[in-house]
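Structure assessment
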Amino acid sequence: GSTVQGRPFQVETSFTTWLEISLNAAEPERHWEVINCGGVSYASYRLLPILDEVLQHQPDLIIIYTGHNEFLEARTFEHIESRGELLNATLASASRLRSFTLFREGYLQMRGRSSHEPPPGRPILPAEVEALLDYRGGLEEYHRDCQHREDVVRQYHYNLRRMIEVARRAGVDMILVNPVSNLRDCPPFKSLPGDKLTPEDEERWRSLCHRASQKLRSNQPGALLEATALYEEACELDPHHAGGFYNLAQCYDAAGRTAEAHDSYRRAKDLDICPLRILGPMNESVLEVAQQTRTPLVDAQALFAARSADGIVGARWLIDHVHPSITGHQLLADALADEMVQLGIVDPQPDWDTTRRQRYRQHFEALPDIYFDQGSQRLEAVRAWALGRADRIRPDDDAEP
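Residues numbered from 1 in each chain as written. Predicted model: local features only at pLDDT ≥ 70, side-chain atom pairs only at ≥ 80, totals over all residues. Heavy atoms only, no water.

Before going further, it helps to examine the overall build of the protein. When its secondary structure is counted, the protein shows 16 helices and 3 strands. The 401 residues of the protein split such that 47% are buried. Surface summary for the protein: the accessible area is close to 21,200 Å², and the carbon and sulfur share equals 51%. (Helix = DSSP H or I, 4+ residues; strand = E, 2+ residues; numbered from the N terminus. Buried < 20%, exposed > 50% of the residue type's maximum accessible area, 1.4 Å probe, protein only. Areas by Shrake-Rupley, 256 points an atom, 1.4 Å probe, with all protein chains shown as cover.)

Time to look at the packing of aromatic side chains. Under the counting rule described, the total for this entry stands at 8 aromatic pairs. Ring geometry for Phe9 versus Tyr371: centroids 5.7 Å apart, planes at 20°, classification stacked. On the criterion of sequence distance, the pair formed by Phe9 in the loop between helix 1 (2-5) and helix 2 (15-26) and Tyr371 in helix 16 (residues 369-386) is long-range, its members being 362 residues apart. Using a relative accessible area of 13% as the deciding quantity, one classes Phe9 as buried. The class for Tyr371 is buried, based on a relative accessible area of 7%. Through pairs of rings, three or more aromatic residues link up here, namely Phe9, Phe364, Tyr371 and Phe372. Sitting over the face of the ring of Phe71, Arg149 holds its NZ or CZ atom 5.8 Å from the ring centroid. The ring of Trp352 carries Arg356 above its face, with NZ or CZ at 4.1 Å from the centroid. (Phe/Tyr/Trp six-rings, centres within 6.5 Å; stacked < 30°, edge-to-face > 60°. Lys NZ or Arg CZ within 6 Å of the ring centre and 35° of its normal.)

It is worth spelling out the packing of helix 8 (residues 199-218) against helix 9 (residues 223-237) at this point. Viewed as axis vectors pointing N to C, helix 8 and helix 9 meet at an angle of 165°, and their least axial separation amounts to 8 Å. The pairing of helix 8 with helix 9 is recorded here as roughly antiparallel in orientation. The two elements helix 8 and helix 9 cross, and the hand of that crossing is left-handed. Where helix 8 approaches helix 9, its residues Asp201, Arg204, Trp205, Leu208, Cys209, Arg211, Ala212, Ser213, Lys215, Leu216 and Ser218 are matched on the opposing element by Ala223, Leu224, Glu226, Ala227, Leu230, Tyr231, Glu233, Ala234 and Leu237. (Axes fitted to C-alpha atoms, helices over the stretch in contact; angles between N-to-C directions. Parallel < 35°, antiparallel > 145°, perpendicular 65-115°, else oblique. Left-handed = near helix turned anticlockwise from the far one by under 90°. Contact = heavy atoms within 4.5 Å.)

Bringing the sheet that holds strand 1 (residues 61-65) into the picture now. Through backbone hydrogen bonds, the strands of a sheet pair up, either in parallel or in antiparallel fashion. The 3 strands are arranged 1-2-3 in an open sheet whose pairing can be described as parallel. If you trace the sheet from one side to the other, it starts and ends with strand 1 and strand 3 (297-299), each paired once. Across the sheet, the axes of successive neighbouring strands diverge by a mean angle of 15°, strand direction being ignored. Sheet topology places strand 1 next to strand 2 (residues 173-178); 5 bridges connect them, and they run parallel. If you follow Ile64 over to strand 2, its bridge partner there is Leu176. (Pairing = 2+ DSSP bridges.)

Next up on the list: helix 12 (residues 280-293). The first and last C-alpha atoms of helix 12 sit 20 Å apart over 14 residues, in line with the 20 Å expected at 1.5 Å per residue. Packing partners of the buried residues in helix 12 comprise helix 7 (146-169), strand 2, helix 11 (258-271) and strand 3. Phi for Arg294, located one or two positions after helix 12, is positive at around 55°. (Expected span 1.5 Å × (residues − 1).)

Structurally, Thr76 is set in the loop between strand 1 and helix 4 (78-81). For Thr76, a relative accessible area of 37% corresponds to the partly exposed category.

Structure, rendered in structure tokens:
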């Protein structure tokens, strides 16, 4: 996705470039080349065909960083759900066998079709990403749909395993990265009251939050404690409102109640009706898949948390909801290089760290001023996009000339 691509800047300051610099500093007698295949708004299901293409170039190692974009496009799962869980599980297992693949291709050829053609009735995604937020009114397209979320999480888990299997069949090593999200300095993008709240409950919830806000603005002694109690009551009344938990998290944070703040920030992120940050169950999928398949892992969430105040990732390392700062990209590159050393892929020379720091600085200083100006402009555009402020009108919605 765009984190790999380097947004809001470009590839020149993505972790892929810093990794290439680092590796060439580690072993200058070898030629290291890191190819950036990041695509803005690309989700894991779009990476599978990209992986097939990448493998044709015979890479030595593939690094997968994906998870923030799973909810950007409108897609359905009816064609999968209608088959039933037992059949889906059987097909998923059988599809890993070469004999099954050959049999399926032969059967389709007898029917005058190819495995590259979609089955009848299956919804087809456009060749390029059409994110809901790319168009005016995109934020209104997001609604609470628990079943859809479960389907997305399940498909994400499957996609990770599938990519590992495909790479291993090709004899190519892989490193998974557990994506990092901004918890402390990123409110939910869309919040809705719980579906089972009565109008009276909703009014009471608003009253509790209003009183809590007034307490905080008063700056009186004990105001923080009283506001926290009011937000706690509001969250107990409506345990599905993302904004309520974010407000509570900030109170806990201000009071130094770190563990409770961290938990509430995470709940606010996972309850977001417009999930532009990887969900908690998806982070768990990355860790689980890495462990089960014995795939090397760099845990960016833990990496950034370890360097954040109270272990809560915020604006120090991420310049918006998911995109690392340039220093954050360097941190991730260093972690990946260290993992490659642990795996025996890299045998660095003794002065490696000093040399790469010097080359990092030289590369950074060589970038023109316009590079950073354009990055700042794109950052503002990304922030507006995430808030649903796109001006484009969908072609099928534009009835007027």
